[in-house]
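# Chains, contacts and geometry: an overview
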Amino acid sequence: MRTGLRALTSRGRSFLAAGIAAMVMALLLGEHDLLRIGVLVTALPLLAALVVARTRYRLSCARRLSPSRAEVGGEATVTLRLENVTRLPTGLLLIEDTVPYALGVRPRFVLDRVEAKGVREIDYRVRSDLRGRFTIGPLSVRIADPFGLVELTRAFTISDTLVVTPQVVALPHVRLSGEWTGGGDSRTRSVAAAGDDDVAPREYRQGDDLRRVHWRSTARHGELMVRREEQQWQSRGALLLDTRRYAHRGEGPRSSFEVAVSAAASIGVHLAHEGLGLRLVTDQGAEHLTDSGLSWSLLDTLAMVRHSAARSLEIGVSALRQGSGDGLIVAVLGSLDPEEARDLARLRHSGITGVAVLLDVDTWDAAEPGTSESHLAVQTLLAGYGWRTVRLPAGTSIASVWQDAASRGRFAVHPAGGAA
């Protein structure tokens with residue numbers, strides 16, 4: 001009963017106060033008719049509280065997100081499935097799902113009645129202009145009487161996560177040469193179609209498949225020999241994203257930082273679809289990406305990337321330098337000074353293709369977009385070390401300028417860095 005009284009709505013409290021006041025006045029004035037009215041008005045919210053508090057509804061809830069990942073600006077559909085698992089029909093149900101403010105207002109629904117063992121499905125849409133991981137839920141159900149005098153809230157514990165990834169745009173194919181690396185036994189060896197004489201065997205190792213045993217070589221060497229595996233070759237590359245706060249301009253979804261994140265996502269997905277083994281590096285160091293589902297892992301990581309307080313790219317450049325086997329480096333950069341540009345430029349040598357996507361961040365502040373002198377100086381410096389440079393000003397899509405990645409930077413000799 002205490003639970004029911006605490007669940008009284010403003011209307012229920014008003015009825016209770018009015019009924020008590022009427023009974024008091026009736027006793028003082030000796031008005032029996034007023035006393036009857038006061039008793040009725042007082043009893044109504046009390047009976048409603050008693051009925052709602054003793055309600056033993058048992059509901060099960062399930063939530064489905066379609067899709068579970070959505071791009072910035074895209075929509076996802078949330079489906080709620082409520083089932084009445086008891087043999088008694090429910091009364092009026094007020095349903096409210098918990099949604100972060102970035103996804104919109106909290107959805108509210110009214111279910112008049114759910115029959116015994118009945119099921120109801122409710123759909124609503126969410127949309128976000130911000131990247132991130134957003135928790136949807138838990139769902140709360142308010143049980144109310146038909147007069148709106150009492151509302152009792154019950155909450156489920158289940159919640160789900162919606163990942164809002166950066167916007168990805170399709171990029172045109174650009175031939176980017178790079179070093180090919182792999183982890184097999186040899187690059188071109190395989191069993192010859194004509195027979196076993198051309199097979200290049202090796203000694204047996206623990207875990208090798210016995211079906212690969214080469215008996216002729218085993219008899220010749222006096223120990224168990226197996227055929228070598230054909231090497232699985234994969235191009236390797238690194239993607240550097242400049243997340244330094246001071247290197248970017250603007251705020252919100254149209255800031256240079258968000259454009260950089262979207263450009264990095266587009267380039268990463270594009271290269272992954274072309275079979276490139278990719279690793280992600282920021283000015284804070286290397287980020288962990290799972291080997292399976294590389295595109296999704298990259299997008300999930302970029303969905304959570306935030307501004308850093310770093311003032312230099314030193315940690316990121318060091319992480320790139322420690323990587324082995326990178327045949328391609330793609331750097332998505334904000335504002336750079338010549339010294340930072342020179343440290344990055346020295347990573348490129350004859351075995352590495354370097355592509356620098358330079359956001360001309362000054363155009364995010366300028367009334368009339370144009371190439372700034374500092375941006376031009378950095379572009380010239382990187383090109384002098386053999387980097388391919390892509391200029392990305394405000395209001396320009398990475399897809400429209402990605403073709404510039406095919407243009408080779410000039411090969412030059414620098415006193416400080418030797419041959420570039």
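Now for a look at the structure at hand.

Reading the values: rules and limits
- Residues numbered from 1 in each chain as written.
- Predicted model: local features only at pLDDT ≥ 70, side-chain atom pairs only at ≥ 80, totals over all residues.
- Heavy atoms only, no water.
- Pairing = 2+ DSSP bridges.
- Helix = DSSP H or I, 4+ residues; strand = E, 2+ residues; numbered from the N terminus.
- Axes fitted to C-alpha atoms, helices over the stretch in contact; angles between N-to-C directions.
- Salt bridge = Lys/Arg side-chain N within 4 Å of Asp/Glu carboxyl O.
- Buried < 20%, exposed > 50% of the residue type's maximum accessible area, 1.4 Å probe, protein only.
- Phe/Tyr/Trp six-rings, centres within 6.5 Å; stacked < 30°, edge-to-face > 60°.
- Lys NZ or Arg CZ within 6 Å of the ring centre and 35° of its normal.
- Patch = residues over 30% accessible without salt bridge, like charges linked within 9 Å, V, L, I, M, F, W, Y side chains within 5 Å.
- Areas by Shrake-Rupley, 256 points an atom, 1.4 Å probe, with all protein chains shown as cover.
- Core = buried A, V, L, I, M, F, W, Y, C linked by side-chain atoms within 4.5 Å.
- 1 Å grid on protein atoms, 1.4 Å probe; cavity = no way out; pocket = protein on both sides within 12 Å on 5 of 7 lines; lining within 4 Å.
- Points joined across faces, edges and corners; volume = space filled by probe spheres on them.
- Nonpolar A, V, L, I, M, F, W, Y, C, P; charged D, E, K, R; others polar.
- Contact = heavy atoms within 4.5 Å.
- Expected span 1.5 Å × (residues − 1).

## Side note on the sheet that holds strand 1 (residues 59-66)
Ordered by their spatial adjacency, three strands build an open sheet running 1-3-6, and the pairing between neighbours is antiparallel. Looking at the sheet topology across the chains shown, the edges are occupied by strand 1 and strand 6 (119-127). Averaged over all adjacent pairs, the angle separating strand axes in this sheet is 20°, with direction ignored. Judged from the eight bridges that link them, strand 1 and strand 3 (residues 75-84) form a sheet pairing that is antiparallel.

## What to know about the pattern of salt bridges
For the structure shown, the criterion picks out 17 salt bridges. A salt bridge links Asp 160 to Arg 63; the nearest nitrogen and oxygen atoms lie 3.0 Å apart. Of the two residues, Asp 160 sits in strand 10 (residues 160-165) while Arg 63 sits in strand 1, which places them 97 residues apart along the sequence. Accessibility expressed as a relative area gives 8% for Arg 63, which makes it buried. Two residues, Arg 81 and Glu 83, come together in a salt bridge whose shortest N-O distance is 3.5 Å. In this structure Arg 81 comes out as partly exposed when scored by relative accessible area, which is 36%.

## Focus: the sheet that holds strand 7 (residues 132-136)
Strands sit in the order 2-10-7 across an open sheet of three strands; the sheet is mixed. On the outer flanks of this sheet lie strand 2 (69-71) and strand 7, each paired with one strand and no other. Sheet twist, expressed as the average angle between the axes of neighbouring strands with direction ignored, equals 30°. Bridging between strand 2 and strand 10 involves three bridges; their strand directions are parallel. By the bridge assignment, Ala 70 is partnered in strand 10 with Val 164.

## A closer look at the packing of aromatic side chains
Considering all chains together, one arrives at one aromatic pair under this definition. Ring centres of Phe 109 and Tyr 124 lie 6.2 Å apart, and the angle between their planes is 40°; this geometry places the pair in the tilted category. In this pair, Phe 109 is assigned in strand 5 (residues 108-111) and Tyr 124 in strand 6, connecting sequence segments 15 residues apart. The ring of Tyr 246 carries the charged tip of Arg 311 above its face, separated from the ring centre by 4.0 Å.

## Section: a nonpolar patch on the surface
A cluster of nonpolar side chains, contributed by Ile 20, Val 24, Met 25, Leu 28 and Leu 29, occupies part of the molecular surface with about 490 Å² of accessible area. Within the secondary structure, Val 24 is located in helix 2 (residues 10-29). According to the relative accessible area criterion, Val 24 is partly exposed, its value standing at 43%.

## Quick word on the nonpolar core
Counting 36 residues, the largest nonpolar core has Ile 267, Leu 302, Val 332, Ile 398 and Trp 402 as the members making the most contacts within it. Going through the elements one at a time, strand 14 (233-241), helix 5 (256-273), strand 15 (276-282), helix 6 (294-304), strand 17 (328-333), strand 18 (353-359), strand 19 (388-392) and helix 10 (398-401) are the ones with two or more residues in this core. Here this core takes nine residues from helix 5, the largest share from any one element. In this structure, Ala 7, Ala 102, Phe 134 and Ile 136 belong to the second largest nonpolar core, which totals 33 residues.

## Looking at the layout of surface pockets
Here the largest pocket is characterised by a volume of approximately 430 Å³. In terms of lining, the largest pocket is formed by 20 residues, of which the most central are Gln 167, Pro 253, Glu 258, Val 259 and Ser 262. Taken together, the residues of the lining of the largest pocket break down into ten nonpolar, six polar and four charged.

## Regarding the pairing of strand 9 (residues 151-155)
Where strand 8 (residues 139-144) lies against strand 9, five bridges are found, and the strand directions are antiparallel. Counted as the bridge partner of Ala 144 is Glu 151 from strand 9. Connecting the antiparallel pair strand 8 and strand 9 is a turn made up of six residues, with Gly 148 showing a positive phi of about 70°.

## Here's the deal with the environment of Ala 7
Relative to the elements of secondary structure, Ala 7 occurs in the loop between helix 1 (2-6) and helix 2. Residue class for Ala 7 comes out buried when judged on its relative accessible area of 10%. Between the alpha carbons of Ala 7 and Arg 142 there is a distance of 9.9 Å; along the sequence they are 135 residues apart. Other than its neighbours up to four places away in sequence, Ala 7 contacts Leu 149, Val 150, Glu 151 and Leu 152.

## A look at helix 3 (residues 32-53)
Here helix 3 contains 22 residues, and its C-alpha end-to-end distance of 31 Å stays within 8% of the 32 Å for a straight helix at 1.5 Å per residue. Taken as a whole, helix 3 has its buried residues at Gly 38, Thr 42, Pro 45, Ala 48, Ala 49, Val 52 and Ala 53.

## Focus on the environment of Thr 135
Inspection of the secondary structure assignment puts Thr 135 in strand 7. In the structure, Thr 135 is positioned 28 residues away from Val 163 in sequence and 8.9 Å away in space, judged by C-alpha atoms. The residues touching Thr 135, leaving out its near neighbours within four places in the chain, are Thr 98, Pro 100, Ser 159, Asp 160 and Thr 161.

## Considerations on the environment of Leu 59
Looking at where Leu 59 falls in the secondary structure, it is placed in strand 1. Accessibility expressed as a relative area gives 22% for Leu 59, which makes it partly exposed. Residues Leu 59 and Glu 83, 24 residues apart in the sequence, show an inter-C-alpha distance of 5.5 Å. Those residues in contact with Leu 59, other than ones at most four positions away along the chain, are Glu 83, Asn 84, Val 85, Thr 90, Leu 93, Val 141 and Phe 156.

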